[in-house]
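Report on the structure
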Amino acid sequence: MPHRMILRLSKEEPVRLLSHLDMQTMLQRALRRCGLPVAYTKGFHPHAQISFPLALGLGFTSDGEYADIRLTCPVDPDECRLRLSGALPEGFGVCALCVAQGGPKLSALMQASDYRITAESGEALIRGMRAFMSKASVTARKAGKGGEQDVDIRPMVYAWKPEGEGVTVRLRADALGALSPSLLMRAAWEEAGLPAQTPFRARRLDLVTETGRSLFEGVKGN
Amino acid sequence: MCRKDPDTVDVRFAFCFPDVYEVGMSHLGMRILYHVLNSREGTYCERVFAPWPDMEALMRENAVALFSLETYSALCEFDIAGFTLQYEMSYSNVLNMLDLGGIPLRSADRGEDMPLVVAGGPCAFNPEPLADFLDVVLLGDGEEAATKLVEVYRRNRGRPKDELLAAIASEVPGAYVPRFYTVAYRDDGRIESVRPNRSGVPPRVRKAILKDLDAAPFPTGIIVPYIKIVHDRVTLELFRGCTRGCRFCQAGYVYRPVRERGPETLEKQARASLRSTGYEEVSLSSLSSGDYPHLDRLITGLVNEHGKNGVSIALPSLRLDSFARGYADQLRRVRKTGLTFAPEAGSQRLRDVINKGVTEEDLVKTVTAAFESGWNRVKLYFMIGLPTETTKDLDAIADLTERVVDCYFGVNREKRPRGLDVHVSASTFVPKPFTPFQWEPQDPLDVIRQKQRHLQARLNRKFIHFNWHDPRTSVLEACFARGDRRLCAVLERAHALNCRFDGWNEYFDYDAWMRAFDEAGADPAFYAGRRRGFDEVFPYDHLDTGVTKKYLWEENKKARQGETTPDCRDGCRGCGLEEVCRTE
């Protein structure tokens, strides 16, 4: 059974505007700097075998950037964590790290994504969300593989809670589809009577399993 | 990136690369100088790049001055603003960056509170078109000169500018202060003389030569960018200068004598660099990497040590006569990087004129070896407009390319890879200073266009892609390459007409440039298209690369006879640097 390292990384303000793709490249190089036994693909352009269950939209911070890294042999998790923390550039950090053998893919266990959303007007944000959640259905234009489609995004918001000046939401994120905070907010702002492009900030808190447990605990438990 | 407290250092240096981040961050010279300067405790070197026009527009709209990446400080806040002159078409960006940074363009207009504006790099060997805008020019190797510059600056700051500059001119190796020289012109427009206008200033400024490359500072902890840059890899410099003596090549002459790094040094640098960056590729860089005497050992060593970590070795543009089958295997073991060769001329006659001594047999052997080893893409670089060129020579380019295609089909069907791709690139010859061809005229535009059309027709065949560039950029390049101080007014006018990013198709505005020439009263044909005589006083004759004008003239005469000059590794040819050079 293949050895893997599961990483949960944080992405902070200094690198908020870095794309997911650039973060992938960064991680590839950081792993090389650590000298960890990462497995590479064969062929003419070998690259590290890393998979990410859910890309983070541009402009958000996060405590839940997950990466599943295939290793060629077992490693000591404490040693890994130490090396990786030293190798990651400013703005990225290791929230949690574990090594496992075999087990389900992260994308298979993942069911939802939690976000904290704030905006200049907390009042308008909460009002908009409340109106959104009171509806039975809300249609939005979502970009998909086949082009753009009209999708009912209301059922993709599993839960929400006003908290202080902002809201916390649990959004669908599984193998068949995910709702991004950007799409949600466009609809929420409309409900609040504000322009769809009104700025907001979002921080991904975590990815969770079917039972609402952290994805990290979920894969570790297996 | 390097983080220091700007308030606690005594010299703040802004390294200004006059192009975008993606291009500038690939530049080895910047990596070296950033490291050298920041290694000094009292110096903080920060990076400044040219913003893309859309960003520039927003900056101007919002009154945001051009700033450094490390601390977001405005360019005018620095003590020294150092520009690297890589390419003549970046000069307008130099002016634009000064302007955006809140710095008066002309040296004479800058007060004591403004940064010292300094320039170095290959084009610094003829900095005259920028003479009115620069305070100091550093000729030659920058590693020691940059440190010395900062030291002399620190010791003399607060003194009147003239005295500060005088101290720099006398104490910093390779330092040229344009304002200490006056240019006199003849009635026919040519230069009469370039002479010092004060005492204590040498009639010729000799470039700085770094003797021991092994001992030279080299950064192993370099900045790894997040975004994709042009060359995203570790670059090792095998040696500086070149012994081949190709007659069109400025870099080969101005960076003589050849100084090499030993293979142990390079292996150490590769190891440390890969460990600190996690990069996937190492590039072995120099003017002619195939000439490096220990290349075999170096490549084998690097592949054995790093290949298993997925690191590939890149050998940019090898000479055809030095590429050996052995290398092809080594490189293929790890990863395939594209193969590029520069025959430069299509016929042996013309290759002998330009002293690029590769033969058709070299090309055949090399590309066949490449195809047999699994490469299916080959890039060939040529120049058109070379001295003594005829239509026969152009046809020879096409013949040579077709021969390459034939080589591919000559390889056993099972062995050769699928999908042949031969890219032919023909750039326009630009006569460069300090080369044997500095007396030559450039072909007029319509002649170049005609030649390009001729080649295009001959190369319009399966498997062949022909790339050619707008020759109008080459005209401007030729003007500035051997330009004098009268071009300062042209540059200033062009900047006022919004010229910048001239090296980029999207922004190059030839009409604006012609208008600038016209309004400044200068004639491009005088600079680009005029044949110079033996008695020509070049705008840069007061700058000394160590290679004598007499040697270059002799080489020019030999060129006209089609006579070659062998590699000086095999025997000194007397270029002028005999005392400094140690040829093994």
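Residues numbered from 1 in each chain as written. Chains lettered and ligands numbered in written order. Predicted model: local features only at pLDDT ≥ 70, side-chain atom pairs only at ≥ 80, totals over all residues. Heavy atoms only, no water.

This part covers the sheet that holds strand E15 (residues 339-344) of chain B. All names here are of chain B. The parallel open sheet is built from four strands, whose spatial order is E15-E16-E17-E18. Here the strands that pair on one side only, and so sit at the sheet edges, are E15 and strand E18 (464-468). Recorded for the sheet is a direction-independent mean angle of 20° between the axes of neighbouring strands. The sheet contact formed by E15 and strand E16 (residues 377-384) spans four bridges and is parallel. Each bridged residue has a counterpart across the sheet, and for Leu339 the counterpart in E16 is Val378. (Pairing = 2+ DSSP bridges. Helix = DSSP H or I, 4+ residues; strand = E, 2+ residues; numbered from the N terminus. Axes fitted to C-alpha atoms, helices over the stretch in contact; angles between N-to-C directions.)

A separate point is the domain arrangement of chain A. Residue and element names in this part refer to chain A. Domain boundaries assigned for chain A yield domain 1 (3-103) and domain 2 (109-208). Of note, the centres of domain 1 and domain 2, computed from C-alpha atoms alone, are 27 Å apart. Taken together, the 16 residues of domain 1 in the interface contact 15 residues of domain 2. Together, the buried faces of domain 1 and domain 2 total about 1,200 Å²; carbon and sulfur atoms form 48% of this surface. The salt bridge partner of Glu12 is Arg203, with a shortest N-O separation of 3.0 Å. At the junction of domain 1 with domain 2, the criterion picks out 13 residue pairs in polar contact (both at pLDDT 80 or more). Those elements giving two or more residues to the side of domain 1 that touches domain 2 turn out to be strand E1 (3-11) and strand E3 (61-71). The element contributing the most residues to the side of domain 1 that touches domain 2 is E3, with six residues. (Domains from an automatic or database assignment. Contact = heavy atoms within 4.5 Å. Buried area = accessible area lost by both parts, 1.4 Å probe. Salt bridge = Lys/Arg side-chain N within 4 Å of Asp/Glu carboxyl O. Polar contact = N/O pair within 3.5 Å; in protein donor to acceptor, adjacent residues only side chain to side chain.)

Residue and element names in this part refer to chain B. Under the counting rule described, the total for this entry stands at 75 salt bridges over all chains. A salt bridge links Arg244 to Asp291, with the shortest nitrogen-to-oxygen separation between them at 2.6 Å. Of this pair, Arg244 sits in the loop between strand E11 (239-240) and helix H7 (250-254) while Asp291 is found in the loop between strand E13 (281-285) and helix H9 (295-306), placing the two residues 47 residues apart along the sequence. On the basis of relative accessibility, which here comes to 16%, the residue Arg244 falls in the buried class. By relative accessible area, which is 12% here, Asp291 ends up buried. Residues participating in the shared-partner salt-bridge network are Asp141, Glu143, Glu237, Arg240, Arg259 and Arg261. (Buried < 20%, exposed > 50% of the residue type's maximum accessible area, 1.4 Å probe, protein only.)

All names here are of chain B. On domain assignment, one finds that chain B holds domain 1 (6-206) and domain 2 (234-469 + 547-570). Relative to domain 2, the C-alpha centre of domain 1 lies at a distance of 32 Å. Counting each side, the surface lost to burial between domain 1 and domain 2 is near 970 Å², with a carbon and sulfur contribution of 46%. It is Leu28, Phe125 and Asp141 in domain 1 that bury the most area against domain 2; as a group they hold 47% of the surface buried on that side. Taken together, domain 1 and domain 2 are joined by four salt bridges. Scanning the region where domain 1 abuts domain 2 turns up four residue pairs in polar contact (both at pLDDT 80 or more).

In this section: the confidence of the model for chain B. When the pLDDT values of chain B are averaged, the result is 93; 96% of them are 70 or greater. Scoring of the predicted complex yields 0.91 for pTM and 0.81 for ipTM. (pLDDT = per-residue confidence, 0-100.)

Attention now moves to the environment of Leu400(B). All names here are of chain B. Among the structural elements, Leu400 can be located in helix H13 (residues 391-410). Given the relative accessible area of 2%, Leu400 is considered buried. A C-alpha to C-alpha distance of 8.7 Å links Leu400 and Leu363, two positions 37 residues apart in sequence. With near-sequence residues (within four places) excluded, Leu400 lies in contact with Pro343, Ala345, Gly346, Arg351, Glu360, Leu363 and Phe382.

Let us now look at the layout of surface pockets. If you add up the space inside the second largest pocket, you get close to 1,600 Å³. Together, 46 residues line the second largest pocket, and Met1(B), Tyr21(B), Arg47(B), Leu69(B) and Tyr226(B) are the ones closest to its centre. Looking at the lining of the second largest pocket, the elements that each hand over two or more residues are helix H1 (20-34) and helix H2 (77-87) of chain A together with helix H1 (21-24), strand E2 (43-49), helix H3 (53-61) and helix H8 (263-277) of chain B. Per-element tally for the lining of the second largest pocket: the top contributor is H1(A), with five residues. In terms of residue class, the lining of the second largest pocket is built from 30 nonpolar, six polar and 10 charged. (1 Å grid on protein atoms, 1.4 Å probe; cavity = no way out; pocket = protein on both sides within 12 Å on 5 of 7 lines; lining within 4 Å. Points joined across faces, edges and corners; volume = space filled by probe spheres on them. Nonpolar A, V, L, I, M, F, W, Y, C, P; charged D, E, K, R; others polar.)

With that out of the way, let us pick up empty space enclosed by the protein. Residues and elements named next belong to chain B. Applying the stated criterion across every chain yields a total of six cavities of 30 Å³ or more. Each pocket or cavity is described by its volume, and for the largest cavity that value is around 70 Å³. Residue lining of the largest cavity: 14 residues in total, with Asp484, Phe526, Arg530, Glu536 and Pro539 positioned closest to the centre. Here the lining of the largest cavity is composed, by residue class, of six nonpolar, one polar and seven charged.

What follows deals with the interface of chain A and chain B. Contacts between chain A and chain B engage 14 residues on the former and 19 residues on the latter. Summing the contributions of chain A and of chain B, the shared interface buries around 1,400 Å²; its carbon and sulfur component is 49%. In this structure, the connection of chain A to chain B is made through four salt bridges. Put simply, Glu90(A) and Arg3(B) hold a salt bridge, and the shortest N to O gap is 3.4 Å. Viewed at the interface, chain B and chain A are joined by seven residue pairs in polar contact (both at pLDDT 80 or more). For the side of chain A that touches chain B, the element with the highest residue contribution is H1(A), accounting for five residues.

This part takes up the environment of Asp395(B). Residues and elements named next belong to chain B. Following the sequence through the fold, Asp395 ends up in helix H13. Judged by relative accessible area, which is 21%, Asp395 ranks as partly exposed. Leave out the neighbours within four places in its chain, and Asp395 touches His454 and Arg458. Of note is the side chain of Asp395, whose polar atom sits 3.3 Å from the side chain of Arg458.

With that settled, the discussion passes to the environment of Ala396(B). Residue and element names in this part refer to chain B. Relative to the helices and strands, Ala396 resides in helix H13. Remark: the alpha-carbon pair of Ala396 and Ala494, spanning 98 residues in sequence, is separated by 39 Å. When neighbours within four sequence positions are excluded, Ala396 is seen to be in contact with Gly346 and Ser347.

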